[in-house]
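If you want the building blocks of each chain, they are given just below.
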Amino acid sequence: MASPEFAAFLNTLRSRPAPTGLSIAELRQRFSTLAAQFVPDPDLQFVPVDADGVAAEWCVPPDVESHGVLFFLHGGGYCIASVRDYREFVGRLAKATRCRVLSVEYRLAPEHPFPAALNDAIRAYRWLRASDHRQSIVVGGDSAGGGLSMALLISLRDAEEPPPCGAFLISPSTDLAKEGVSMQSRAAVDPIITPETTLRYAKAYAGERSVREPLISPLYADLGNLPPLFILVGDSERLLDDSRRLADRAREADTQVTIEVWDEMIHIWPFFASLLPEGRAAIRRVAEFVGDRLEAARN
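Residues numbered from 1 in each chain as written. Predicted model: local features only at pLDDT ≥ 70, side-chain atom pairs only at ≥ 80, totals over all residues. Heavy atoms only, no water.

(A) Main features of the overall build of the protein. When its secondary structure is counted, the protein shows nine helices and eight strands. C-alpha extents for the protein along the principal axes are approximately 50 × 40 × 35 Å. Burial status across the protein gives 57% buried among its 299 residues. By sequence separation, contacts in the protein at least 24 residues apart represent 80% of the contacts at least 6 residues apart. Summed over all atoms, the accessible surface of the protein reaches about 12400 Å², with 51% contributed by carbon and sulfur. Across the protein, 32 positive and 40 negative side-chain charges occur, with their mean positions spaced 2 Å apart. (Helix = DSSP H or I, 4+ residues; strand = E, 2+ residues; numbered from the N terminus. Buried < 20%, exposed > 50% of the residue type's maximum accessible area, 1.4 Å probe, protein only. Contact = heavy atoms within 4.5 Å. Areas by Shrake-Rupley, 256 points an atom, 1.4 Å probe, with all protein chains shown as cover. Lys, Arg positive; Asp, Glu negative; His and termini not counted. Charge placed at Lys NZ, Arg CZ, Asp CG, Glu CD.)

Okay, structure coming up:
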């Protein structure tokens, strides 16, 4: 059963007006205003860096270990959100894993449609890999950042480049065609994802391309020969089937995948960990996966 904190938060979300008719600029400001409520711990260091022409930011926890780093891609439908908006969440990941986190400020649509975000992710990853070959890397992201993480893994495999040792995906958006059954079956319980906004983001990101292109919607890609995946998704989110179908197809392709469907949880609930015990528990699960993958890379 969900916590009282989650029930109260859910009521707050449902009392907010739907983002109907807002411009992309207004949607960006709406999310930034929400994210500004979550302040990162003062003992974290945030250091801007130029990752071979891609803006990024290191988050360094006070008790960092040197054997691994996280490469993080934030959510926001490829159209909204920023590294700054995700500082508190990234800080929690850094502390839980005791790893430095490189958070990437990839370019956003509609100003920069596909493949801009993917090109930025690839370039920043190559920069990170080249900067220290001894480091083990775990890739991760939430929502669109989860889909972008998958596109990055596929691109690295196809280019025969060294992959990360694993990837964590939180409520990943993997089907920009939005054809999962859960888009309808979870309509009454999802207070975050609306068809109008998510389809608008998808079309803005795809631009003139098909939303079913494999690097735009990784659900339609060949998912073989990828590093181990860890997927966290809520049972109450419209994008539930983006995760379930991705896990099924990855298993069929003999890629190692673990998927956890959390009862009653909504889209990207770990982002709200400062309010929700379920969010903090989910981050601990991510940290366990990261620890396991870094340990495996050392052996």
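(B) Layout of helix α9 (residues 277-298). End to end, α9 covers 32 Å across 22 residues, agreeing with the expected 32 Å (1.5 Å per residue, within 8%). Along α9, the positions that sit buried rather than exposed are E278, G279, A282, I283, V286, A287, F289, V290, R293 and L294. (Expected span 1.5 Å × (residues − 1).)

(C) Just the packing of helix α3 (residues 87-97) against α9, in detail. Between α3 and α9, the least distance of the axes is 9 Å, while the angle of their chain directions is 50 degrees. It follows that α3 is oblique to α9 by the angle criterion. When you trace α3 past α9, the crossing you get is right-handed. Touching F89, R92, L93, A96 and T97 of α3 are R280, I283, V286, A287 and V290, all from α9. Grouping the amino acids of the contact of α3 with α9 by side-chain chemistry returns seven nonpolar, one polar and two charged. (Axes fitted to C-alpha atoms, helices over the stretch in contact; angles between N-to-C directions. Parallel < 35°, antiparallel > 145°, perpendicular 65-115°, else oblique. Left-handed = near helix turned anticlockwise from the far one by under 90°. Nonpolar A, V, L, I, M, F, W, Y, C, P; charged D, E, K, R; others polar.)

(D) Highlighting the pattern of salt bridges. For the coordinates displayed, the defined rule picks out 22 salt bridges. The shortest N-O distance in the salt bridge between R126 and E161 comes to 2.4 Å. With R126 in helix α4 (residues 116-131) and E161 in the loop between α5 (144-158) and β6 (166-170), this residue pair connects regions lying 35 residues apart in the sequence. R126 gets classed as partly exposed once you look at its relative accessible area, which sits at 42%. Overall, the relative accessible area of 23% leaves E161 in the partly exposed class. For D175, the salt bridge goes to R245, with nearest N and O atoms at 2.9 Å. Of this pair, D175 sits in the loop between β6 and α6 (182-185) while R245 is found in helix α8 (residues 240-252), placing the two residues 70 residues apart along the sequence. Taking the relative accessible area as the measure of exposure, R245 reaches 23% and is therefore partly exposed. In this structure, a network of salt bridges that share partners links the residues D41, D43 and K95. (Salt bridge = Lys/Arg side-chain N within 4 Å of Asp/Glu carboxyl O.)

The values reported here are purely geometric and, on their own, carry no functional implication.
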